[in-house]
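Descriptive analysis of the structure
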Amino acid sequence: MYANHYDGGASHFHGGGFMPSQATQTPDQAGSSKTRSSTTSTTVPLTIKQITEAFHLNDERADFLIDGVEPSLVKLLGRVLNKAERVTDVSFLLDDGTGSIEVTRWVSDSFDTDEMTKIENGMYVVLIGKLKAFQGKRHIGAHAVRPVQDFNQITLHFMECIHAHLDNSRKATAVPATTSAMNDMRAYQTLNVGTGASGDIREVVLSVFQEPASLARENGLHVNEIIRRLGLQEQKIREAIEYHVEVGNIYSTIDDDHYKSACNG
Amino acid sequence: MDTSSPTVFVNGELLKLYMGRRVRTVVQVIRNEGGAVVGQSTDNQQLTVKGPNQSVPVMHFMEVIGVADGPQSIRAEICTDFGSNFDMASYNGLCKLANGQFKNLFL
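Residues numbered from 1 in each chain as written. Chains lettered and ligands numbered in written order. Predicted model: local features only at pLDDT ≥ 70, side-chain atom pairs only at ≥ 80, totals over all residues. Heavy atoms only, no water.

From N to C terminus, chain B includes three helices and six strands. From first element to last, N terminus to C terminus, chain B shows the α and β order β-α-β-β-β-β-β-α-α. Across the 107 residues that make up chain B, the buried fraction comes to 52%. Taking all contacts inside chain B whose residues are at least 6 apart in sequence as the whole, residues at least 24 apart take part in 57%. As displayed, chain B has an accessible area near 4,500 Å², and 50% of this comes from carbon and sulfur atoms. (Helix = DSSP H or I, 4+ residues; strand = E, 2+ residues; numbered from the N terminus. Buried < 20%, exposed > 50% of the residue type's maximum accessible area, 1.4 Å probe, protein only. Contact = heavy atoms within 4.5 Å. Areas by Shrake-Rupley, 256 points an atom, 1.4 Å probe, with all protein chains shown as cover.)

See below:
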């Protein structure tokens, strides 16, 4: 067992060795769960209401889907209530104003117990943990629980929840042709895709359809408008449109030349 | 604390929309008057907070969780001293977002 490092919990994960260290860089990573590859852990800041409404994928594996993301870890902030200390664990109810959820913190060494003795009922805390479900009821297995010292953190946490929600729901509607981070850049690129890899064109065409102005138009956009806007060959644009119709991203409206995005922005 | 109903983030302006409901807000304490605290809301309105826990010093920020019982008054259940360093503008922005476009994340 490693010697205990009392530096606020970050190295707790290094010492335990049960989690890749990048998962502890939570404040930055929280809003940017852009790379959803299987090698990266995602930590998502959430309100308890989001958790209670999360779509539960699989009863046995306790996988949840929130805004199209399966978070490995969640970050919550709220008041502690009904703290109960037992031999192997400490449990309490966390209430963040949007709902409440049971939290359990397993204590296996003095670092853990010291961390939890500081927590009292009525106190605001931030916690990082794993979302679990047992017999239909959701609860959190906390890895770290820390008191809030600067109350601006409360405002910050809820802002992060909103930001992560926006980030993730936007990615959920984007065409997953490449990794999500690339999507953002391509949407803003002016069209110097002389090389015209078909993936690029498709994304750009889709992004035109998904602009709020395009979504607002009842009959969508005419193919010629897209051609004029992007300055690409008609053939390539029609190919991209065909692809999107096939996968269901856009649909034809009044005739075969008018298309509209199927996603509601 | 009654956890069966969610508490809405409000500022002075939003308070009147949630009469009779549990709300939460932050005010800056202006003065203590007997059993009530007069505070300035995040959008510069004067709110009256009635109830226990009036031990927050003047000029400190105080979070109030309670029931809205008047267009500018709250019957507090819990008051928390938020110290002297709190960003009212950000909190005000949060109130607007939490009641507007992102209401579904909070309520």
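Having put the structure on the table, let's press on.
Let's shift gears to the sheet that holds strand 11 (residues 258–261) of chain A. Strands pair in a sheet through their backbones, by hydrogen bonds, and they do so in one of two ways: parallel or antiparallel. All names here are of chain A. Spatial ordering of the open sheet is given by 9-11-10, a layout of three strands whose pairing is antiparallel. Looking at the sheet topology across the chains shown, the edges are occupied by strand 9 (221–222) and strand 10 (250–252). Bridge count for strand 10 against strand 11 is three bridges, and the pairing is antiparallel. Within strand 11, the position partnered with Ser252 by the bridge is Tyr259. (Pairing = 2+ DSSP bridges.)

Let us now look at the nonpolar core. In terms of nonpolar packing, the biggest core is built from 41 residues, with Tyr124(A), Phe9(B), Val23(B), Met62(B), Phe82(B), Phe86(B) and Phe106(B) touching the most fellow members. Discounting chain neighbours no more than four positions away, the residues touching Phe9(B) are Phe158(A), Leu14(B), Arg24(B), Tyr91(B), Leu94(B), Cys95(B), Ala98(B), Asn99(B) and Phe106(B). Judged by nonpolar contacts, the second largest core, of 27 residues, contains Val69(A), Val80(A), Leu94(A) and Val103(A). (Core = buried A, V, L, I, M, F, W, Y, C linked by side-chain atoms within 4.5 Å.)

Now for the confidence of the model for chain B. All names here are of chain B. Averaged over chain B, the pLDDT score is 89; the fraction of residues at 70 or greater is 94%. The secondary-structure element of chain B with the lowest mean pLDDT is helix 3 (residues 103–106), recorded at 90, while helix 2 (residues 88–99) shows the highest, at 94. As scored by the predictor, the complex reaches a pTM of 0.64 and an ipTM of 0.91. (pLDDT = per-residue confidence, 0-100.)

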